[in-house]
Amino acid sequence: MQKFRLAAMASLSLLVAGSAMANNFRAADQIYLLNGLGGVPGAAGAFFDQDVTITNTTTDRVQVDVALLANTTGDNSGAVGATRPLAVLEPGERRTYVKFVQSGLNQTTFNGTLLFFACRAGSTCGDCGLPGETNCRNITVESRAYTTGNCVTAAGPTLPCSFGNDFPGMPWYLYASRNADAVNLSKVTISGVTTTGAPGSGGFRTNIGLVNATQYSTTKLRVTAFSEATRAQVGSPFEVDLGPLGRIQSNITNMVAGFTGIGYVVIEQVSVTPVANPPVGCEDGCPAFYAYGVSLDNVSNDPTYLEPQYLGPLTNEAIGALYPQKAPRRATRRR
């Protein structure tokens, strides 16, 4: 069982992302855990692991597979052709993997994006966007990324403890795309980006993650930073080329020289170049990307997830533009 799916038109993705309430819609047959990690050292002595909970939201037995998209600007598209079978979940079952990379993937370390697929157990899933496909099933993915440390308790003794944050799995339809520029839903912004000290010396630091959500094109993404106090642009925009399913995460100061204090970033898709011989329905390369931020306390290494937000509202005009009369196109890969 293996398939890869992506809507080339920014349709359901932007509809769901257009309001705070709609962000609660997380179920899908394809889920991206953008910040998948385990056994990963960080700054100031941090060492990150991640617990992952997968929920079968259906009344069928569901086979869950996972692909590993490494933290690289290169071509990760081969990962969807080497997807790993993870588990068969009973109807309504929730399964939590403590230290998922070690217990679920059986490896010591991983840093990148985890891409989960779900299909009715015992069947083969094709393109879930086609009317004749009946085997795709919905799951949700939730995670907690954390680092360990020592804490002083109310009673006085110092005990081992952890500092972490929730990191939700993103359904395939919650991406951003340059195709939605006409309705002002092609860019995302991340608030609360903070640099107020060096690791280990107090204050906060912030990492920004970028993911090319399709294997049918390379893309150039641009990150522009602004000061919260003055609303003025800080430094020069950072641009990066991501290969098919490419992914990077970096400190904001490595992206934008001179960034200090509290600010925000705007992320947009500058260009898209389709791969050679893209499939029918993805001639434009199926433009799509995700972005996220993580702010970390420089002393405790306690992380806070910074969720991306669209710049435009969900309006009737946007719905009309995002929902064409023909079905949105999907891309498919099978193992």
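Student: Any chance you could break down the sheet that holds strand 12 (residues 204-212) for me, citing the residues and the numbers?
Tutor: Hydrogen bonds between backbone groups are what pair the strands of a sheet, and the pairing can be parallel or antiparallel. Read across the sheet, four strands follow the order 15-12-17-18 without closing on themselves; strand pairing throughout is antiparallel. Each of the sheet's edge strands pairs with one partner strand only, and the pair in question is strand 15 (247-251) and strand 18 (303-306). With direction set aside, neighbouring strand axes in the sheet form an average angle of 20 degrees. When strand 12 meets strand 17 (residues 289-297), the two strands line up antiparallel, connected through nine bridges. The partner of isoleucine 208 across the bridge, within strand 17, is glycine 293.

Student: Let's hear about the sheet that holds strand 13 (residues 217-227): which residues, and what values?
Tutor: Ordered by their spatial adjacency, five strands build an open sheet running 14-13-16-11-19, and the pairing between neighbours is antiparallel. At either end of the open sheet lies a strand with only one pairing partner, and these are strand 14 (233-242) and strand 19 (309-310). Looking at chain direction, strand 13 and strand 14 are connected through seven bridges and run antiparallel. Following the sheet pairing, phenylalanine 226 is matched in strand 14 by glutamine 233.

Student: Quick one: what's the story with the layout of surface pockets, residue by residue and with numbers?
Tutor: Vacant regions in the atomic arrangement are exposed by a probe of water-molecule size rolled over the atoms. Estimates place the volume of the largest pocket at around 390 Å³. Lining the largest pocket are 21 residues, with Gly42, Phe48, Asn207, Gln249 and Leu296 sitting closest to its centre. Counting residues per element, the ones that place at least two in the lining of the largest pocket are strand 1 (30-38), strand 2 (40-41), strand 9 (158-168), strand 12, strand 15 and strand 17. For the lining of the largest pocket, the element with the most residues is strand 15, which contributes four residues. When the residues that make up the lining of the largest pocket are grouped by side-chain class, the tally is ten nonpolar, nine polar and two charged.

Student: Help me get a handle on the state of the cysteines, residues and values and all.
Tutor: Overall, the coordinates contain three disulfides when judged by the stated rule. One disulfide bridge connects cysteine 119 with cysteine 125, the sulfur atoms lying 2.0 Å from each other. Note on the cysteine 119 and cysteine 125 pair: the S-S dihedral is about 105 degrees, so by sign convention the disulfide is right-handed. Taken individually, cysteine 119 and cysteine 125 each receive the classification buried, so the pair is uniform in this respect.

Student: Outline unusual backbone geometry, listing residues and values.
Tutor: The residue lysine 99 is not glycine, and still its phi comes out positive at about 50 degrees. Examined against the element boundaries, lysine 99 turns out to sit in the loop between strand 6 (94-97) and helix 2 (100-103). The class of lysine 99 is partly exposed, set by a relative accessible area of 37%. We note that asparagine 277 has phi near 55 degrees; this positive angle belongs to a residue other than glycine. Here asparagine 277 is to be found in the loop between strand 16 (261-274) and strand 17.

Student: Which residues make up the environment of serine 250, and what values go with them?
Tutor: Tracing the backbone through its elements, the reader meets serine 250 in strand 15. Along the sequence, serine 250 and glycine 209 sit 41 residues apart, while their C-alpha atoms lie 6.6 Å from each other. Ignoring any residue separated from it by four or fewer positions in sequence, one finds serine 250 in contact with Thr206, Asn207, Ile208 and Met255.

Student: I'd love a proper account of the confidence of the model for the chain, names of residues and values included.
Tutor: Looking at the chain as a whole, its pLDDT mean stands at 87, while 87% of the residues score no less than 70. Every residue in residues 7-22 scores below 50 in pLDDT, and together they form 54 contacts with partners more than four places removed in sequence or on other chains. Below pLDDT 50 for its whole length, residues 323-335 participates in 50 contacts with residues either more than four positions away or in separate chains.

Student: Can you tell me about the environment of asparagine 212, naming the residues and giving the values?
Tutor: Here asparagine 212 shows up in strand 12. The exposure class assigned to asparagine 212 is buried, which follows from its relative accessible area of 0%. Setting aside anything within four residues of it in sequence, one finds asparagine 212 in contact with Ser217, Thr218, Thr219, Leu242, Gly243, Pro244, Leu245, Gly246 and Ala288. A polar side-chain atom of asparagine 212 sits 2.9 Å from the main-chain carbonyl oxygen of serine 217. Within the structure, the side chain of asparagine 212 is placed 2.9 Å from the backbone oxygen of glycine 243, a separation counted as a polar contact.

Student: Any details on the pattern of salt bridges? Residues and values, ideally.
Tutor: This structure, assessed with the given rule, holds nine salt bridges. The partner of glutamate 307 in a salt bridge is arginine 26, and the shortest N-O contact between them spans 3.4 Å. Of this pair, glutamate 307 sits in the loop between strand 18 and strand 19 while arginine 26 sits in the loop between helix 1 (12-17) and strand 1, and the two are 281 residues apart along the sequence. Glutamate 307 sits in the partly exposed class, given a relative accessible area of 29%. Residue arginine 26 is classed as buried on the basis of its relative accessible area, which comes to 15%. Residues participating in the shared-partner salt-bridge network are Lys187, Arg222, Glu239 and Glu268.

Student: Break down the nonpolar core for me, citing the residues and quoting the values.
Tutor: Membership of the largest hydrophobic core comes to 50 residues, with the highest contact counts inside it found for Ile54, Leu86, Leu114, Phe116 and Ile139. Counting 27 residues, the second-largest nonpolar core is a separate cluster that includes Val188, Ile208, Leu221 and Leu306.

Here is what the cut-offs are and how they apply
- Residues numbered from 1 in each chain as written.
- Predicted model: local features only at pLDDT ≥ 70, side-chain atom pairs only at ≥ 80, totals over all residues.
- Heavy atoms only, no water.
- Pairing = 2+ DSSP bridges.
- Helix = DSSP H or I, 4+ residues; strand = E, 2+ residues; numbered from the N terminus.
- Axes fitted to C-alpha atoms, helices over the stretch in contact; angles between N-to-C directions.
- 1 Å grid on protein atoms, 1.4 Å probe; cavity = no way out; pocket = protein on both sides within 12 Å on 5 of 7 lines; lining within 4 Å.
- Points joined across faces, edges and corners; volume = space filled by probe spheres on them.
- Nonpolar A, V, L, I, M, F, W, Y, C, P; charged D, E, K, R; others polar.
- Disulfide = S-S within 2.5 Å.
- Buried < 20%, exposed > 50% of the residue type's maximum accessible area, 1.4 Å probe, protein only.
- Contact = heavy atoms within 4.5 Å.
- pLDDT = per-residue confidence, 0-100.
- Polar contact = N/O pair within 3.5 Å; in protein donor to acceptor, adjacent residues only side chain to side chain.
- Salt bridge = Lys/Arg side-chain N within 4 Å of Asp/Glu carboxyl O.
- Core = buried A, V, L, I, M, F, W, Y, C linked by side-chain atoms within 4.5 Å.

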